[in-house]
Amino acid sequence: GAYASHVVISQDDLVRIPESVPAQRAAAMLMQGMTAYYLSHLVTDCRPNDCVLVHAAASGVGRHLARWLKAKGATVIGTSRRPAGMDIMRADGIDFPLQPAAPTDLPGMIAECVGGPQSVATVFDSIGGPISIPSLKTITPRRHALPANRRLVWFLRPWVRGVVTCAMGKSW
């Protein structure tokens, strides 16, 4: 377990960490990657040519997630609050890097990028707050909204393909 001073593990299950990478940074990167994998492969059914919106696509889980979704053939719209995030998203190959001046600008910006409102199959929202409601306005009917914050509760209904009902501890 985590409190053991020694463990026995197969060499095939180990990850080599370069000396230049601090252990805390390596652990964070692995956790971010596992979270992105979980969201992109197990929680949603993202398909080639699906249009997805990833908030905070220039850092942490969002960056891993956007790359994975691109590899699956999705059209990725990424958002960042920072000007430097725009450069990161472009370098990562994000199809439509956006920096909305205000949350209410988001639906119009997405409509311009992909040709209409309600054209996003899945929204990955790790920010929450004021951006959440405008994000919901971009989703194709009967698809996914995956907000993530401390007060989130997900009710997954696998018998209804592509529907995720979310309650965040307050009424929308």
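Heads up: the structure comes first, above all this text.
(A) Structural context of the pattern of salt bridges. Enumeration over the complete set of coordinates arrives at four salt bridges. Note that Asp92 and Arg67 form a salt bridge whose closest N and O atoms lie 3.1 Å from each other. Taken as a pair, Asp92 in the loop between helix H3 (83–91) and strand S3 (96–98) and Arg67 in helix H2 (residues 60–71) lie far apart in primary sequence, 25 residues in all. Exposure remark for Arg67: the relative accessible area of 41% places this residue in the partly exposed category. A salt bridge links Arg90 to Asp87; the nearest nitrogen and oxygen atoms lie 3.4 Å apart. A residue pair is termed a helical-turn pair when its members lie 3 or 4 positions apart in one helix, as Arg90 and Asp87 do in helix H3 at three residues. Several salt bridges share partner residues, and in doing so they unite Arg63, Arg67 and Asp92 into one network.

(B) Geometry of the state of the cysteines. Taken as a whole and assessed by the stated rule, the structure comprises zero disulfides. We note that Cys51 lacks a disulfide partner, and the nearest cysteine sulfur, in Cys113, lies 8.4 Å from it.

(C) Structural view of the nonpolar core. Counting 17 residues, the largest nonpolar core has Val52, Val54, Leu65, Leu69, Val76 and Phe124 as the members making the most contacts within it. Formed by 10 residues, the second largest nonpolar core is a distinct cluster that contains Cys51, Leu98, Val123 and Ile139.

(D) Here's a closer look at the pairing of strand S1 (residues 51–54). Burial along S1 is two-sided: the face carrying Cys51 and Leu53 and the face carrying Val52 and Val54 are both buried. As for the winding sense of the linkage, the β-α-β connection from S1 through H2 to strand S2 (residues 75–79) is right-handed. Of the strand pairs in this sheet, S1 and strand S4 (residues 120–125) are connected by three bridges, and their pairing is parallel. Within the sheet, the bridge partner assigned to Leu53 lies in S4 and is Val123.

(E) Structural view of unusual backbone geometry. In the Ramachandran plot, Asn49 falls in the positive-phi region, its phi being about 75° despite a non-glycine side chain. Note that Asn49 resides in the loop between helix H1 (23–43) and S1. Look at Ala56: it is not a glycine, yet its phi comes out positive at around 55°. Tracing the sequence through the fold places Ala56 in the loop between S1 and H2.

(F) A look at the environment of His55. Mapped onto the secondary structure, His55 falls in the loop between S1 and H2. Under the relative-accessibility criterion, His55 is labelled buried at 1%. Through-space distance from the C-alpha of His55 to that of Gly78 is 5.8 Å; in sequence the pair is 23 residues apart. His55 has contacts with Gly62, Thr79, Leu106, Val123, Phe124, Asp125, Ser126, Ile127, Ile131 and Ser135, leaving out every residue within four places of it along the chain. Among the polar contacts listed, one links the side chain of His55 to the side chain of Ser135, at a separation of 2.7 Å.

Rules used throughout
Residues numbered from 1 in each chain as written. Predicted model: local features only at pLDDT ≥ 70, side-chain atom pairs only at ≥ 80, totals over all residues. Heavy atoms only, no water. Salt bridge = Lys/Arg side-chain N within 4 Å of Asp/Glu carboxyl O. Helix = DSSP H or I, 4+ residues; strand = E, 2+ residues; numbered from the N terminus. Buried < 20%, exposed > 50% of the residue type's maximum accessible area, 1.4 Å probe, protein only. Disulfide = S-S within 2.5 Å. Core = buried A, V, L, I, M, F, W, Y, C linked by side-chain atoms within 4.5 Å. Right-handed = clockwise from strand over helix to strand, strands pointing away. Pairing = 2+ DSSP bridges. Contact = heavy atoms within 4.5 Å. Polar contact = N/O pair within 3.5 Å; in protein donor to acceptor, adjacent residues only side chain to side chain.

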